[in-house]
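Here is what each chain is made of, one letter per residue.
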Amino acid sequence: MTTLVRRGFASSMLGAFSLFLAGCGGGGGGATVPTATPIGTPTGTVTPTATTIPGTGGTPVTANQVAFVSNRANPASDNSDLYKSNIDGSNVVRLTALNQPIDKPSVSNDGARLVFQIGESNEAGGTNNIEIAVINANGSGYQKLTDDTTPAGRPDDYNPVFSPNGQYIYWTSTRGGVDENGQPVDGVPHIWRMNGAIGNTGSNQQQVVAEASAYPSVDRNGNLAYVALNQAASPITLRTSTGTLIKRISDSTPTNSIFDLALSPDGTRIAFSAANTSAAPIRIYNVATGALQGTAPSGGTSNGGSAWSRDSQTLFFDAASGAASRRQVFSSPSPFSTQTQITSDNTSDNFSPAFLPVQ
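Thresholds applied
- Residues numbered from 1 in each chain as written.
- Predicted model: local features only at pLDDT ≥ 70, side-chain atom pairs only at ≥ 80, totals over all residues.
- Heavy atoms only, no water.
- Helix = DSSP H or I, 4+ residues; strand = E, 2+ residues; numbered from the N terminus.
- Contact = heavy atoms within 4.5 Å.
- Areas by Shrake-Rupley, 256 points an atom, 1.4 Å probe, with all protein chains shown as cover.
- Buried < 20%, exposed > 50% of the residue type's maximum accessible area, 1.4 Å probe, protein only.
- Pairing = 2+ DSSP bridges.
- Lys, Arg positive; Asp, Glu negative; His and termini not counted.
- Salt bridge = Lys/Arg side-chain N within 4 Å of Asp/Glu carboxyl O.
- Polar contact = N/O pair within 3.5 Å; in protein donor to acceptor, adjacent residues only side chain to side chain.
- Phe/Tyr/Trp six-rings, centres within 6.5 Å; stacked < 30°, edge-to-face > 60°.
- Lys NZ or Arg CZ within 6 Å of the ring centre and 35° of its normal.

Caption draft 1: Structural context of the overall build of the protein. For the protein, the helix and strand inventory stands at one helix and 25 strands. If you take every contact in the protein between residues at least 6 apart in sequence, the share linking residues at least 24 apart comes to 50%. Working note: accessible area of the protein is about 13100 Å², and carbon and sulfur atoms make up 50% of it.

Encoded structure:
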């Protein structure tokens, strides 16, 4: 795994994607994607069980908040935990005390739960691999959702997102699956899906996109956006919940440098991080026209980790800021010409925001 920017954990895996793309030659356009039918139980899939972990919880939510990841408990480490605060940065509450490489939280539509990725040491020699877990928004009810184990090592499961209706969790996995031709593949990223409903969370894990793919995001209509890793010219892809291709959006950014897609809940815009320049800007596309929309928000260099508010009018993101170049969380309202800094702990990294609505 390759860390693009220091944000507590290797969230992009761009190095692995580069190797894959170099080997595949960038073909495959317009492949038919299967509907969400089971393809077998992945090796190592666990039946979720709730296990309580330390968490301070905090006072009841009385206003919209933002969840984020921070290593403020140990700023010299890449280990991190989940926090939440008011939109203005006040009332910071620590939600977990795992002190492991945590990243990419996504909030359920009712604001009650957060799904996120967590780094672990594998059995083959201590190299971090990535799994997926979920907690309640007050830090209780920790539940590990993936635990992939194979004799040769462990695949990665990362970048999980709740569907807006809370019915599903989509994520990227390098576990064994099938490609566009129905051939088995292993180690190649694909979009998978599992149940997200309370009482059934983590069950029915299945591959739902056949082409090599990563960074899923879902709007309230169930449409799925992702990066198609075999599409050099039009990598940003939008499909219906049943797999029908809606459109592909072109971008000059190399495919393996596009990450952290965020499809707005109303489905009108797609934000993503583009890492082909030193500034790593956030770009926002109009889905209807495929054109860049407005002024890209920027709080510093290496902008990334974006997420939308429920009304699709405000984008939250992180960026390296200040003399120490620590990552901080920002918000930017449409048309994204201004931004407000939310976190201000300049001794640690604060990143990967997710909008947390009033319950």
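Caption draft 2: Seen up close, the environment of Asp-81. In this fold, Asp-81 is placed in strand 2 (residues 81–86). With relative accessibility at 2%, the residue Asp-81 sits in the buried group. Sequence separation between Asp-81 and Asp-103 is 22 residues, and the spatial gap between their C-alpha atoms is 8.2 Å. If we ignore the near neighbours within four places in the chain, the residues touching Asp-81 are Phe-68, Val-69, Ser-70, Arg-94, Thr-96, Ala-97, Leu-98, Asn-99 and Ile-102.

Caption draft 3: Spatial organisation of the pairing of strand 1 (residues 65–70). For strand 1, the tally of buried residues reaches six of six residues, placing the bulk of the element in the interior. Of the two faces of strand 1, both are covered, the one formed by Gln-65, Ala-67 and Val-69 as well as the one formed by Val-66, Phe-68 and Ser-70. In the sheet, strand 1 pairs with strand 2 via six bridges, with the strands oriented antiparallel. If you follow Phe-68 over to strand 2, its bridge partner there is Tyr-83. As paired strands, strand 1 and strand 25 (residues 350–356) are joined by five bridges and run antiparallel to one another.

Caption draft 4: Representation of the sheet that holds strand 24 (residues 340–341). The four strands lie next to each other as 21-22-23-24, forming an open sheet whose pairing is antiparallel. Looking at which strands have only one partner, the edges of the open sheet turn out to be strand 21 (301–308) and strand 24. Two strands pair when backbone bridges link them, and strand 21 and strand 22 (residues 314–321) are joined in this way by four bridges, in the antiparallel orientation. Across the sheet, residue Thr-301 finds its bridge partner in strand 22, namely Ala-320.

Caption draft 5: Representation of the side chain of Arg-269 in the model. Mapping Arg-269 onto the fold places it in strand 19 (residues 269–274). Look at Arg-269: it is buried, it has no salt bridge, and the nearest opposite charge is Asp-266 at 5.3 Å. At a separation of 2.7 Å, a polar atom in the side chain of Arg-269 contacts the main-chain carbonyl oxygen of Ser-312. In this structure the side chain of Arg-269 is engaged in a polar contact, spanning 3.2 Å, whose partner is the side chain of Ser-334. Beyond its immediate stretch of four places on either side in the chain, Arg-269 contacts Ala-262, Leu-263, Ser-264, Ile-284, Tyr-285, Val-287, Gln-293, Trp-308, Ser-312, Gln-313, Ser-334 and Phe-336.

Caption draft 6: Spotlight on the sheet that holds strand 13 (residues 206–207). Spatially, four strands are ordered 8-9-12-13 in an open sheet, and the strand pairing comes out antiparallel. Looking along the sheet, the strands with just one partner apiece sit at the ends: strand 8 (157–162) and strand 13. With six bridges connecting them, strand 9 (residues 168–173) and strand 12 (residues 190–195) associate as antiparallel partners. Its bridge partner being in strand 12, Tyr-170 is matched across the sheet by Arg-193.

Caption draft 7: Main features of the packing of aromatic side chains. Taken as a whole and assessed by the stated rule, the structure comprises eight aromatic pairs. Ring centres of Phe-68 and Tyr-83 lie 6.0 Å apart, and the angle between their planes is 15°; this geometry places the pair in the stacked category. Of the two residues, Phe-68 sits in strand 1 while Tyr-83 sits in strand 2, which places them 15 residues apart along the sequence. Assigned by exposure class, Phe-68 and Tyr-83 land together as buried. When the centroid spacing of 6.3 Å and the interplanar angle of 70° are considered together, the rings of Tyr-168 and Tyr-170 count as edge-to-face. Taking the relative accessible area as the measure of exposure, Tyr-170 reaches 4% and is therefore buried. In this structure, Arg-72 is placed above the aromatic ring of Tyr-83, and the distance from its NZ or CZ to the ring centre is 5.3 Å.

Caption draft 8: Just the pattern of salt bridges, in detail. Within the structure shown, the criterion is met by ten salt bridges. Residue Arg-327 is joined to Asp-318 by a salt bridge in which the shortest nitrogen-to-oxygen separation is 2.5 Å. Per residue, the accessibility class of Arg-327 equals that of Asp-318, and both read buried. One salt-bridge network, in which partners are shared between bridges, spans Glu-211, Arg-239 and Arg-248.

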